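Structural features, examined
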Amino acid sequence: MAYDEELADRIRELVATEPDLAEQRMFGGLAFLVNGNMSVAASGKGGLLARVDPDDAAALLGEQVDYMVMGGREMTGWLRVAPAAIDSDDELAAWVERGVRYARSLPAKRKKS
C-alpha cells in the first residue's frame, strides 16, 4: 500500500516553516526529517508514524495509537497513529508537533556528501 498523499500534504503544510526539513521516502511511506532525524511519516500502512520520547510512549498508547512494529519488534520511540485519530487538523497538528519537537531534541545528523 502506498502512503496517503492527502495526509502527506496535510503534514507538509504543518511543517512548511520548519528549518532544516527534508522529505524522504522510507519503508513505503514518506518521512519528514528535521536536522536529519525522522519526526513523523505518512505511513505506507496507513495513518501516521510519530517519533516520541520512548519514556513518554506508554502514556500515549490507546485504542487508535500503538507501538510501531518493525521486524516483529516494538519500537518504543515510534507510535503508529490510526487514520481515525488524525481526522481533524488539530489532532494531526498535535501529533506532528510532538514528533518535530522530539526530533529537534536529538543531535543533528551529519549530511552525507
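Everything here concerns the structure above.
Residues numbered from 1 in each chain as written. Predicted model: local features only at pLDDT ≥ 70, side-chain atom pairs only at ≥ 80, totals over all residues. Heavy atoms only, no water.

1. Points about the sheet that holds strand β4 (residues 48–51)
Strand pairing in a sheet relies on backbone hydrogen bonds, with the paired strands running either antiparallel or parallel. Pairing within the open sheet is antiparallel, and its six strands lie in the order β1-β2-β3-β4-β6-β5. A single partner strand is all that each edge strand has here, and the edge strands are β1 (21–26) and β5 (65–70). Across the sheet, the mean angle from the axis of one strand to that of its neighbour is 40°, orientation sign disregarded. Two strands pair when backbone bridges link them, and β5 and strand β6 (residues 73–81) are joined in this way by six bridges, in the antiparallel orientation. Note that in β6 the partner of V65 across the bridge is V81. Contacts from helix α1 (residues 5–15) reach β1, β2 (29–34), β3 (37–42) and β4 within the one sheet, and its direction differs from that of β2 by about 10°. Sheet strands touched by helix α3 (residues 89–105): β2, β3, β4, β5 and β6. Its angle to β3, the strand with the most contacts, is close to 160°. (Pairing = 2+ DSSP bridges. Helix = DSSP H or I, 4+ residues; strand = E, 2+ residues; numbered from the N terminus. Axes fitted to C-alpha atoms, helices over the stretch in contact; angles between N-to-C directions. Contact = heavy atoms within 4.5 Å.)

2. Observations concerning the packing of α1 against α3
Working note: a packed helix pair is described by the angle between its axes plus the distance between those axes. Put simply, α1 and α3 touch, their axes get as near as 10 Å, and they point 65° apart. Considering only the axes of α1 and α3, their crossing is right-handed. Of the residues in α3, those in contact with L7, R10, I11, L14 and V15 of α1 are D89, L92, A93, V96 and V100. A per-class count over the contact of α1 with α3 returns eight nonpolar, no polar and two charged. (Left-handed = near helix turned anticlockwise from the far one by under 90°. Nonpolar A, V, L, I, M, F, W, Y, C, P; charged D, E, K, R; others polar.)

3. Some thoughts on the pattern of salt bridges
The tally for this structure, following the rule as stated, stands at five salt bridges. The residue D9 makes a salt bridge to R12 at a minimum N-O spacing of 2.5 Å. Of this pair, D9 and R12 are both found in helix α1, three residues apart, which corresponds to roughly one turn of the helix. Exposure remark for D9: the relative accessible area of 38% places this residue in the partly exposed category. Close ionic contact of D89 with R10 constitutes a salt bridge, the shortest N to O distance being 3.5 Å. Of this pair, D89 sits in helix α3 while R10 sits in helix α1, and the two are 79 residues apart along the sequence. Looking at D89, the relative accessible area reads 57%, which means it is exposed. Residue classification places R10 among the buried residues on the basis of a relative accessible area of 18%. Through salt bridges with shared partners, one network takes in D9, R12 and E23. (Salt bridge = Lys/Arg side-chain N within 4 Å of Asp/Glu carboxyl O. Buried < 20%, exposed > 50% of the residue type's maximum accessible area, 1.4 Å probe, protein only.)

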